Amino acid sequence: MAFRFIFWITGAQVLLTVLAGLIWPLKWVSISCGSAISLVNFWVLALAWVFIFYKKRVAPSISVVVIKYGILILIFSQIPQVKWVDQNALVLGVLINPVALLLGGILAKLTQKNRGS
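**Quick word on the overall build of the protein chain**
Check the secondary structure of the protein chain and you find five helices and zero strands. In the protein chain, the succession of helices and strands from N to C terminus is α-α-α-α-α. Seen along its three principal axes, the alpha-carbon backbone of the protein chain occupies a region of about 50 × 35 × 15 Å. By the burial criterion, 32% of the 117 residues in the protein chain qualify as buried. Considering only contacts within the protein chain whose residues lie at least 6 apart along the sequence, 76% involve residues at least 24 apart. In the structure as shown, the protein chain presents an accessible area of about 7800 Å², 77% of it carried by carbon and sulfur atoms.

Put into structure tokens, the structure is as follows:
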């Protein structure tokens, strides 16, 4: 069941990224980079929660989350030095993820109700 939510959220994020790229075509690369960063972040957190809830493995999950935040700090500290990245568009790409979480969750629930489960 959790994988269905992850599937819908990933699909919603890809769709919203494509729509944002169509609206702002000159900033599409920066939007896509931000969206990819937030999507990978979401996948790592989802994997960590699967290990915590279903397999009862807390220590590896916590170490993955701690390492993930270190990598995110490194990425976001190096971004201002890259000339071709528009920082506002990158932040817009990162902020696509909360909207995709909402939209993907709604779509997953609607498809679950339509199947009768």
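Picking up after the structure, the text goes on.
**Observations concerning the packing of aromatic side chains**
One pass over the structure, following the stated rule, counts one aromatic pair. Aromatic side chains F7 and W8 sit 5.8 Å apart centroid to centroid with 70 degrees between the ring planes, which places their arrangement in the edge-to-face category. Overall, the relative accessible area of 55% leaves F7 in the exposed class. Taking the ring centre of Y69 as reference, the NZ or CZ of K68 above it sits at 3.5 Å.

**Digging into the packing of helix 1 (residues 2–23) against helix 2 (residues 28–54)**
Helix 2 packs onto helix 1 with a crossing angle of 170 degrees between their chain directions and a minimal axis gap of 10 Å. Taken together, the axes of helix 1 and helix 2 are roughly antiparallel relative to one another. The residues of helix 2 that touch helix 1, namely those facing A2, I6, I9, T10, Q13, T17, A20 and G21, are W28, I31, S32, S35, S38, L39, F42, W43, A46 and Y54.

**Quick look at the side chain of T17**
Within the fold, T17 resides in helix 1. When near neighbours in sequence (up to four residues on either side) are disregarded, T17 contacts W28, I31, S32, S35 and I96.

**Here's the deal with the nonpolar core**
Counting residues in hydrophobic clusters, the biggest one holds seven residues: A12, L16, A20, I31, A89, I96 and A100. Going through the elements one at a time, helix 1 and helix 5 (96–115) are the ones with two or more residues in this core. What A89 contacts, discounting residues up to four positions off in sequence, is K27, S30 and I31.

**Quick notes on helix 4 (residues 87–94)**
Every buried residue of helix 4 is accounted for by A89, L90 and G93. Projected down its long axis, helix 4 carries its buried residues within an arc of 105 degrees, all on one side.

**So, a nonpolar patch on the surface**
Taken together, V14, L15, V18, L19 and L22 make up a surface patch of nonpolar side chains, about 460 Å² in accessible area. Tracing the backbone through its elements, the reader meets V18 in helix 1. On the accessibility criterion, V18 (42% relative accessible area) is partly exposed.

About the cut-offs
Residues numbered from 1 in each chain as written. Predicted model: local features only at pLDDT ≥ 70, side-chain atom pairs only at ≥ 80, totals over all residues. Heavy atoms only, no water. Helix = DSSP H or I, 4+ residues; strand = E, 2+ residues; numbered from the N terminus. Buried < 20%, exposed > 50% of the residue type's maximum accessible area, 1.4 Å probe, protein only. Contact = heavy atoms within 4.5 Å. Areas by Shrake-Rupley, 256 points an atom, 1.4 Å probe, with all protein chains shown as cover. Phe/Tyr/Trp six-rings, centres within 6.5 Å; stacked < 30°, edge-to-face > 60°. Lys NZ or Arg CZ within 6 Å of the ring centre and 35° of its normal. Axes fitted to C-alpha atoms, helices over the stretch in contact; angles between N-to-C directions. Parallel < 35°, antiparallel > 145°, perpendicular 65-115°, else oblique. Core = buried A, V, L, I, M, F, W, Y, C linked by side-chain atoms within 4.5 Å. Arc of directions from axis to C-beta. Patch = residues over 30% accessible without salt bridge, like charges linked within 9 Å, V, L, I, M, F, W, Y side chains within 5 Å. Salt bridge = Lys/Arg side-chain N within 4 Å of Asp/Glu carboxyl O.

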